[in-house]
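Remarks on the overall topology
Listed below, chain by chain, are the residues.
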Amino acid sequence: MDHISNLPDGVLCHILSFLTTKEAALTSILAKRWLNLVAFIPSLKIDDTVFLHPEKGKGDREDVKQSFMDFVDRVLALQGNSPLNKFSLMCVTDVDTDRVDGWISSALARGVSDLDLKIINNEEFYQLSPKCFECSTLVSLTIGSGIDISLVAGRIRLPLLKTLVLDSVSVCPNEFETLLHALPSLEELLLVYVVWKGMDVTVSSASLKTLTIKLCFWLNTLSFDTPSLLHFNYSGLVAPDYPVVNMGNLVDAQIDFFLPDNDEDAHRYSKVWKLFHGTRNVPNLSFGPDTLEVISMCSESMPVFNNLKSLAIESHECKGWQAMPALLRNCPHLETLVLQGLLHHVTDKCGDACDCISREDKGLSLRLCPVKVMKIHGFRRTMEEMELIKHFLYYFPCLKEIEVHAEENNNPTQLRSQRVMEMFELYNELSSCNVQLFI
Ligand SMILES: *[C@@H]1O[C@H](CO)[C@@H](O)[C@H](O)[C@H]1NC(C)=O
Ligand SMILES: *[C@@H]1O[C@H](CO)[C@@H](O)[C@H](O)[C@H]1NC(C)=O
C-alpha cells in the first residue's frame, strides 16, 4: 500500500481509472488522499452487476437499488465539472430512467469522448435521449442491449465520432440512414444483432473503413454504399437481395452466413451473388461453412476474384464442399489457401476438388489453381484427412508448402501416433512440397 501511496496523483488516478467506479471508491475509503482522487478519475465505469449482485436476488431489493443510484449520484456530484474522457454505464436491473438520463447528460456536459451504455429494463426498451446524438466531443459511442434509439433529423451533431457500436439496439432503417449521413468522421461501425424496425436496410457512409455486421433479423434487402470500406465482416442471416454493394477498395472480407437447418430453397438465394460481385476485387477473403452452401446455390453467377491472393474456408462436418470447384476456378491468382478443418459432408456434388468420391474428372479444378501455400487448421489425424492432403499434394501443381496445425484440444500423444508421423515423412519424400505438422 505504501509503495502505491507514494506514487504521484496523476499515476494513481490512472490506476483508479482501470477499476470499476465502485472498486475505486472502496479503495479510496482506505486513505483520505485517495478519496480526493476519486473526484478526478477521468474515466468512470459504473456497472450495477458489480454493485447489486443480481444473481443473489439483491437487485430486487428496493433499498439496494436505491443505494446504487445514490452512489452514482454521489460520485458524479463529487466529480463536479472536472473533465471526463470515458463514461461507461451498465445497468441490468430496473433503475430509474430519469436518473439515468441525468447521469448521461452530466457525462455529455463534461466533454466525454467515449460513451458506452447498456441499460436493460425488464418491461421495455429504454428510450435513449436524442441528446446523445448532439455532442461535439464524442469519438466513440457504444449503445448496447435494451436501448431504443429514436433520431431526430437535423438534431444529429457528432462531428468527431469515429466509432459507433449498436448492439441489440432497436433502430428504424430510415433514421439509421439519416444518422450515418450526419457522421462525417465515422470510420468504424459495428451492427451486432440490431433489432431493425423495417425490412430494407442501407449502410451508406463515404468515410467508413471497417464494418462488422451480425444479422439476426430477416430482411428483404441489405445495401452497402461504402466506397472507402477496407474491412468487411458479415455474419448471420442471408438477405434475399443485396441491391447495392459499393465497396471496391476492400482489403479483407469475411462472410460467414448462417442458414437455418435444412434450408435448401435455392430460389431464395438466387440474388446473393450480388454481394460477392461487390467484393470481387478483394485480395483476402474468408468464408464460413454455410457460405459455401450458399455459393453452391448461386455458383453460375459467381464473379471471378481476379485480385484474390488469400482464401480462407471454414469447414464443418455437416456441410458440403460442392462449391469448392467453382470457387477455385474463379480465383485465378490464388496464392494461399487456408482450410479451417478438412472434414466435411460428402455429397454427390462434392466435386472434383476432393477425393471423397471417385470420379473421372478427379482433381480437375485443383490442376488449374496456382496456390502455393496451404494452411490447414483443426487437423484431427484421421485417415480421411491424410488422404485429402495426399490428394492436394498430387493435384495442386504449384504447391510449395503445407502447414498442418493440429486441433487444440486433441491429445498430443495420440497426434504423434506412429502411423500419422510416417505418412507425413512419406509425403515429404514423395513430393517437392514441404509438409509440416504443428502439434
Ligand atoms: C469477424 O467477426 C467474427 C464474429 O463476430 C469474429 O469471430 C472474427 O474474429 C471477426 N473477424 C475479423 C477479421 O475481425
Ligand atoms: C486476411 O484477413 C484475415 C482477417 O480476415 C487476417 O487474419 C489474415 O491475416 C489476412 N491474411 C493476409 C494474407 O493478409
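Below is a short write-up of the structure. (Residues numbered from 1 in each chain as written. Chains lettered and ligands numbered in written order. Predicted model: local features only at pLDDT ≥ 70, side-chain atom pairs only at ≥ 80, totals over all residues. Heavy atoms only, no water.)

**Structural notes on the pattern of salt bridges**
Considering all chains together, one arrives at 11 salt bridges under this definition. Between Asp114 and Lys86 there is a salt bridge, and its shortest N-O distance comes to 3.9 Å. In this pair, Asp114 sits in strand E3 (residues 114-119) while Lys86 sits in strand E2 (residues 86-91), placing the two residues 28 residues apart along the sequence. In this structure, the salt-bridge partner of Asp241 is Lys274, at a minimum N-O distance of 3.0 Å. With Asp241 in the loop between strand E14 (231-236) and strand E15 (245-246) and Lys274 in helix H9 (residues 273-278), this pair connects stretches of sequence that are 33 residues apart. Beyond isolated ion pairs, a larger network of salt bridges with shared partners links Asp70, Asp73 and Arg99. (Salt bridge = Lys/Arg side-chain N within 4 Å of Asp/Glu carboxyl O. Helix = DSSP H or I, 4+ residues; strand = E, 2+ residues; numbered from the N terminus.)

**Digging into the site of ligand 2**
Around ligand 2 sit Asp252, Asn284 and Ser310, and those are all the residues in its vicinity. Here an oxygen atom of ligand 2 sits 2.4 Å away from a polar atom, N or O, in the side chain of Asn284. Relative to its unbound accessible area of 360 Å², ligand 2 is 35% covered by the protein chains. (Near = heavy atom within 4 Å. Polar contact = N/O pair within 3.5 Å; in protein donor to acceptor, adjacent residues only side chain to side chain. Areas by Shrake-Rupley, 256 points an atom, 1.4 Å probe, with all protein chains shown as cover.)

**With respect to the nonpolar core**
Counting 123 residues, the largest nonpolar core has Ile104, Phe133, Phe232 and Tyr242 as the members making the most contacts within it. If we skip the residues at most four places from it in the chain, Tyr242 touches Leu222, Phe224, Tyr234, Leu237, Phe257, Val272, Lys274 and Leu275. (Core = buried A, V, L, I, M, F, W, Y, C linked by side-chain atoms within 4.5 Å. Buried < 20%, exposed > 50% of the residue type's maximum accessible area, 1.4 Å probe, protein only. Contact = heavy atoms within 4.5 Å.)

**Concerning the environment of Asn220**
Position of Asn220 among the secondary structure elements: in the loop between strand E12 (210-215) and strand E13 (221-225). Excluding residues within four positions of it along the chain, Asn220 makes contact with Met199, Asp200, Pro240 and Asp241.

**So, the site of ligand 1**
Around ligand 1 sit Lys214, Asn233 and Gln254, and that is every residue in its neighbourhood. Relative to its free-state accessible area of 360 Å², ligand 1 is covered by the protein chains to the extent of 39%.

**Points about the sheet that holds strand E11 (residues 200-204)**
Neighbouring strands of a sheet are bound in pairs by backbone hydrogen bonds; such pairs are parallel or else antiparallel. A sheet is described by the order of its strands in space; here three strands give the open sequence E11-E13-E15, paired in parallel fashion. The sheet terminates laterally at E11 and E15, the two strands that pair on one side only. Relative to E13, E11 is paired through five bridges, and the arrangement is parallel. Within E13, the residue paired with Val203 across the bridge is Phe224. (Pairing = 2+ DSSP bridges.)

**Describing helix H7 (residues 97-109)**
Residue pairs spaced three or four apart in an α-helix point in one direction, given the helix's 3.6 residues per turn. Taking 1.5 Å of rise per residue, the 13 residues of H7 would be expected to cover 18 Å, and the 18 Å separating its terminal C-alpha atoms lies within 8% of that figure. For H7, the set of buried residues is Arg99, Val100, Trp103, Ile104, Ala107 and Leu108. A positive backbone phi angle near 75° is found at Gly111, which sits one or two residues after H7. (Expected span 1.5 Å × (residues − 1).)

**Quick notes on the pairing of E3**
Both E2 and E3 contribute to a ladder of six bridges, which runs parallel. The partner of Ser88 across the bridge, within E3, is Asp116. Crossover E2 to E3 through H7 is right-handed. Two elements, E3 and strand E5 (residues 140-143), share four bridges in a ladder whose sense is parallel. Across the sheet, Asp114 pairs through a bridge with Ser140, a residue of E5. (Right-handed = clockwise from strand over helix to strand, strands pointing away.)

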